[in-house]
Amino acid sequence: NAGVTQTPKFRVLKTGQSMTLLCAQDMNHEYMYWYRQDPGMGLRLIHYSVGEGTTAKGEVPDGYNVSRLKKQNFLLGLESAAPSQTSVYFCASSSILLAYEQYFGPGTRLTVT
Amino acid sequence: AQRVTQPEKLLSVFKGAPVELKCNYSYSGSPELFWYVQYSRQRLQLLLRHISRESIKGFTADLNKGETSFHLKKPFAQEEDSAMYYCALHSQGGSEKLVFGKGTKLTVNP
């Protein structure tokens, strides 16, 4: 099992450009999450999904959109990137019964210039 | 509101010394508390949970409801313990979310 995978690993964008981060999990988990990790700010939840076709806002959703068209995939989109979105992005997944045990991906390091 | 506070951004100890990473929480109900760890170049992973009362890699953590704390302790730190540690709170009742603290970076010096 690959667990949780993220694509790409690194990306540099110019302000105003758009991109999509892909997260995939092969554990048949119902729940999926997108976090951003910034120095001194810890992990902050951007959006999450409790099942295929459903998404919800987390703590810092502005500037991001998500979609969960398939149970195993969770996409995070940046429509118009801003320097404030420079961060490391982590995807995670968990089962319904053990929602507290989240499995994390390796992260995507995004730089917006 | 649910909140997790880790007062130390950085913590540095020498190998063999005791280490305690502090975590305080704010939650009106009965919380479930966890410690996650991120070693260098590795994924964030669950280290331990209060409900199991287990010791993982020599670390223990006791939930103190009176002090609303869940400090992580190890009597003799090792260099391989150097990592980023996050305390997390999960509200009972089927919540799908975790609330993370801001993390403490532990460095164990030789």
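Everything below is about the structure shown above.
Predicted model, so just to flag it, every value in this text is computed and none were measured. (Residues numbered from 1 in each chain as written. Chains lettered and ligands numbered in written order. Predicted model: local features only at pLDDT ≥ 70, side-chain atom pairs only at ≥ 80, totals over all residues. Heavy atoms only, no water.)

A. Looking closely at the overall build of chain B. Scanning chain B from terminus to terminus reveals zero helices and 11 strands. Of the regular secondary structure in chain B, the N- to C-terminal order runs β-β-β-β-β-β-β-β-β-β-β. Against the 2.2 N^0.38 benchmark of 13 Å for 110 residues, chain B shows a C-alpha radius of gyration of 13 Å, consistent with a compact globule. Across its three principal axes, chain B shows a C-alpha extent of roughly 45 × 30 × 25 Å. Residue burial in chain B is summarised as follows: out of 110 residues, 45% are buried. Taking all contacts inside chain B whose residues are at least 6 apart in sequence as the whole, residues at least 24 apart take part in 59%. When the accessible surface of chain B is summed, it comes to about 5,700 Å², and 49% of that surface belongs to carbon and sulfur atoms. (Helix = DSSP H or I, 4+ residues; strand = E, 2+ residues; numbered from the N terminus. Rg over C-alpha atoms; globule rule 2.2 N^0.38 Å. Buried < 20%, exposed > 50% of the residue type's maximum accessible area, 1.4 Å probe, protein only. Contact = heavy atoms within 4.5 Å. Areas by Shrake-Rupley, 256 points an atom, 1.4 Å probe, with all protein chains shown as cover.)

B. Spotlight on the state of the cysteines. All names here are of chain A. Scanning the entire structure with this criterion turns up two disulfides over all chains. Across a sulfur-sulfur distance of 1.8 Å, C23 and C91 are joined as a disulfide pair. Across the disulfide from C23 to C91, rotation about the S-S bond amounts to roughly -75°, and the bridge is consequently left-handed. Note that C23 is positioned in strand β3 (residues 19-25) and C91 in strand β9 (residues 87-94), a separation of 68 residues in sequence. In this pair, the class of C23 matches that of C91, namely buried. (Disulfide = S-S within 2.5 Å.)

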